[in-house]
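# Observations on chain architecture
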Amino acid sequence: MSFDEEWASARSSATSMRLNQLPAEGGGGGGGGASDYKVTSKDLQAIGNEAQELYHGLETAAFHAGAQTDTASTSLDQDGFKTGSGMWTAWDKWRTQSETLLSACAHIHNHLEDTVLSHTNHEEVLVTNFTMSKISEHFS
């Protein structure tokens, strides 16, 4: 039996997670067989890279006006205008929300990078184990 055949056999006999919570066969509704949802490491890397690019672009764009906003709001406050504190409040809200989005982008990138690495490591272990089972056949 080839590796591909052995791997297909192991996959078909393994219990799989169903995202739609329907049985794999004849479940009706929103899904067919177990092959409805496939994501490759290349797909995950592409999404992770997009999240990283978004992070760097947002990091630059979101905070470029911070020092000027501080200067302007302080100057307006000193001149007796109430808009200075309002400007600072709006900036602070923007900064907080931008930091949250940056954190989410970093989390997505790091999680997907770890997922790709973990998947690669699991695949290597499986290949080694199946190869060892093939070797064991010859010593039985």
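Up top is the structure these notes are about.
Below you will find a few notes about this structure. (Residues numbered from 1 in each chain as written. Predicted model: local features only at pLDDT ≥ 70, side-chain atom pairs only at ≥ 80, totals over all residues. Heavy atoms only, no water.)

The helix and strand inventory of the chain stands at four helices and zero strands. For the chain, the N- to C-terminal ordering of α and β elements is α-α-α-α. The contacts in the chain between residues at least 6 apart in sequence include a share of 63% that link residues at least 24 apart. (Helix = DSSP H or I, 4+ residues; strand = E, 2+ residues; numbered from the N terminus. Contact = heavy atoms within 4.5 Å.)

If you walk through the whole model with that rule in mind, you get two salt bridges. Across the pair Asp-92 and Arg-95 runs a salt bridge, and its minimum N-O distance is 2.4 Å. Highlighted residues: Asp-92 and Arg-95, both in helix H4 (residues 83–139), separated by three residues, approximately one helical turn. Taking the relative accessible area as the measure of exposure, Asp-92 reaches 29% and is therefore partly exposed. With relative accessibility at 26%, the residue Arg-95 sits in the partly exposed group. The partner of Glu-99 in a salt bridge is Arg-95, and the shortest N-O contact between them spans 3.1 Å. A residue pair is termed a helical-turn pair when its members lie 3 or 4 positions apart in one helix, as Glu-99 and Arg-95 do in helix H4 at four residues. Salt bridges linked by common partners bring Asp-92, Arg-95 and Glu-99 together as one network. (Salt bridge = Lys/Arg side-chain N within 4 Å of Asp/Glu carboxyl O. Buried < 20%, exposed > 50% of the residue type's maximum accessible area, 1.4 Å probe, protein only.)

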